[in-house]
Amino acid sequence: MPSELQQIELAIPINVIWDFIRDANNWAPLVPGYIQHEQINDNIITWEFKSDLGIMKKKVSLVIDIKEWNEPTRVTFELRRTNEKYIGEGYFEAQALNRNKTLLTGFLEINASGALGSLANSLLKNAIPKSTDEVASAISLKLEEFNKR
């Protein structure tokens, strides 16, 4: 299964990071190819974006099912397509290094299935690290703005 772990150390207090992460409106638009999202309830978010895996380009609709909100340190989730079963999972984890510094870790694992599943998985192996790098950079910049409020 294609997966990626990203860690970034931020000069931002853990409570500010938690306030940012717990609201999908802050981070969902930062994913490459973002089209729209909707917060259905505290644990379900629908999300649409354009996927570009080189030879495979298409609109993807996902449901993010939050499995755990452990304030202020951890959020775990599962991903699925709106018309399919489980396709992946991940988490955000924050660790206070001191009062004003936090280590933020993000993990994502995806397993495409179906007729093109093995091709998609091989393309995702290369695409996920690039995407998670972009998301980590975008989130850290947004968090710095959020922290200045």
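Residues numbered from 1 in each chain as written. Predicted model: local features only at pLDDT ≥ 70, side-chain atom pairs only at ≥ 80, totals over all residues. Heavy atoms only, no water.

**Quick look at unusual backbone geometry**
It is generally the case that most residues other than glycine have a negative phi and that most peptide bonds are trans.
Thinking step 1. Omega for the bond connecting Glu-71 with Pro-72 falls within 30 degrees of zero, at -5°, which places this linkage in the cis form.
Thinking step 2. By secondary structure assignment, the location of Pro-72 is in the loop between β4 (57-70) and β5 (74-81). (Helix = DSSP H or I, 4+ residues; strand = E, 2+ residues; numbered from the N terminus.)

**Thoughts on the pattern of salt bridges**
Thinking step 1. Under the definition given, this model contains seven salt bridges.
Thinking step 2. Here Asp-19 and Arg-22 are joined by a salt bridge, their closest N and O atoms 3.0 Å apart.
Thinking step 3. Taking relative accessible area as the criterion, Arg-22 reaches 43% and is therefore assigned partly exposed.
Thinking step 4. Between Asp-65 and Lys-67 there is a salt bridge, with the nearest N and O atoms lying 2.9 Å from each other.
Thinking step 5. Three or more residues joined by partner-sharing salt bridges are found here, namely Glu-68, Arg-74 and Glu-93. (Salt bridge = Lys/Arg side-chain N within 4 Å of Asp/Glu carboxyl O. Buried < 20%, exposed > 50% of the residue type's maximum accessible area, 1.4 Å probe, protein only.)

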